[in-house]
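So you can see what is in the structure, the chains are spelled out below.
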Amino acid sequence: MPSPSSPFPSTTGIWEAISAEPALSAGFAAILIAFIYAEISTRAARRRTEAGATRNTLKTMTETILMLWVLGSVCLVCWMASGRDLAGLGLILPNLSGPEAWRGWLSWAAAIALTLFLLSQLLPLRTQEGREAMAKALSGMEGVDMIQPRTPVEHRRFQLMAFSAGWNEEIIFRGFLMGALALYLPLWIAALASMIIFIGFHTYQGVSGMIRIIPITIGMTGLVVLSGSLWPAIVVHVAADVVGGLYLYLSQPSAERLSRAAP
């Protein structure tokens, strides 16, 4: 990732520097537009739910997948158009040789440990009692109904969304956004800003849901800062979303899932 600039620039200086780079400015604008669109879509979906309208989870997932790929591609193009390379974006494998090799090894070890921990969260769902307990816990969580897969088709679409998010959100938030901000700000401020904005994109989960993703957000950001690469964070992000989808799907009573799967 790019090194932070020093000394700390003024707010006016930051905006002047950003506005002097049209490609990066376009990327920032795309993120802002996507945030506004996501907020409008979330509010509209909540109004439909409150009005008793039939849920359309597949439509919501498909729109999310398309937005992720469009925004991820825009940020990637804007970064390249600014004259910077993919290595600067973080799309390079962690260095595993030389004096700084420990960073790469540690980041991969942490990514593997986090992935195994996430997978272990599925163990309680092996029993009917575990599934029922999780279904009860999920019933009070805001935003779950908007994305919970209840049929095999919805589950497959969710997993496609999980891979799309793991790849594109890392490029958007910890690649482009954090990298671009780190050109003008100390790295820790750029990292903090990217985390806040990333969490802000999850308002559909409510305040409690946004709080729940703080630890994994800090973990993925730390992996990028440590290794200078997006790849360990991408692995953890995909694993977190895949496990989340399985959790939401398998937590339903077996009878309900089987009846919905029947032709």
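These notes cover the structure that comes with them. Treat the numbers as computed from the prediction; the structure is a model and nothing was measured.

Cut-off values and rules
Residues numbered from 1 in each chain as written. Predicted model: local features only at pLDDT ≥ 70, side-chain atom pairs only at ≥ 80, totals over all residues. Heavy atoms only, no water. Helix = DSSP H or I, 4+ residues; strand = E, 2+ residues; numbered from the N terminus. Buried < 20%, exposed > 50% of the residue type's maximum accessible area, 1.4 Å probe, protein only. Contact = heavy atoms within 4.5 Å. Areas by Shrake-Rupley, 256 points an atom, 1.4 Å probe, with all protein chains shown as cover. Polar contact = N/O pair within 3.5 Å; in protein donor to acceptor, adjacent residues only side chain to side chain. Core = buried A, V, L, I, M, F, W, Y, C linked by side-chain atoms within 4.5 Å.

**Brief notes about the overall build of the protein chain**
Helix and strand counts for the protein chain stand at 13 helices and zero strands. What you see in the protein chain, going N to C, is helices and strands ordered as α-α-α-α-α-α-α-α-α-α-α-α-α. Here the protein chain holds 263 residues, and 45% of them are scored as buried. Within the protein chain, contacts between residues at least 6 apart in sequence are counted, and of these 81% link residues at least 24 apart. Here the protein chain displays about 13200 Å² of accessible surface, and carbon together with sulfur accounts for 71% of that area.

**Some words on the side chain of Ser-251**
With respect to the helices and strands, the residue Ser-251 is situated in the loop between helix H12 (231–250) and helix H13 (254–261). One polar contact links the side chain of Ser-251 to the main-chain carbonyl oxygen of Tyr-247, over a distance of 3.0 Å. The contact partners of Ser-251, leaving out residues within four places of it in the chain, are Leu-125, Arg-131, Met-134, Ala-135, Leu-138, Gln-148 and Leu-246.

**Notes on the nonpolar core**
General note: in soluble globular proteins, nonpolar side chains tend to be found buried as a group. Counting residues in hydrophobic clusters, the biggest one holds 58 residues, and the most contacted among them are Leu-24, Phe-28, Ile-31, Leu-71 and Phe-176. At 11 residues, the largest contribution of residues to this core is made by helix H8 (residues 152–181). Every residue in contact with Phe-28, bar those within four places of it in the chain, is listed here: Ile-18, Phe-176, Leu-177, Ala-180 and Leu-181.

**Side note on the environment of Arg-174**
Looking at the secondary structure, you find Arg-174 in helix H8. On a C-alpha basis, the gap between Arg-174 and Leu-89 in space is 8.5 Å, while along the polypeptide they are 85 residues apart. Within the local environment of Arg-174, its side chain forms a polar contact with the side chain of Thr-221, the two groups lying 3.4 Å apart.

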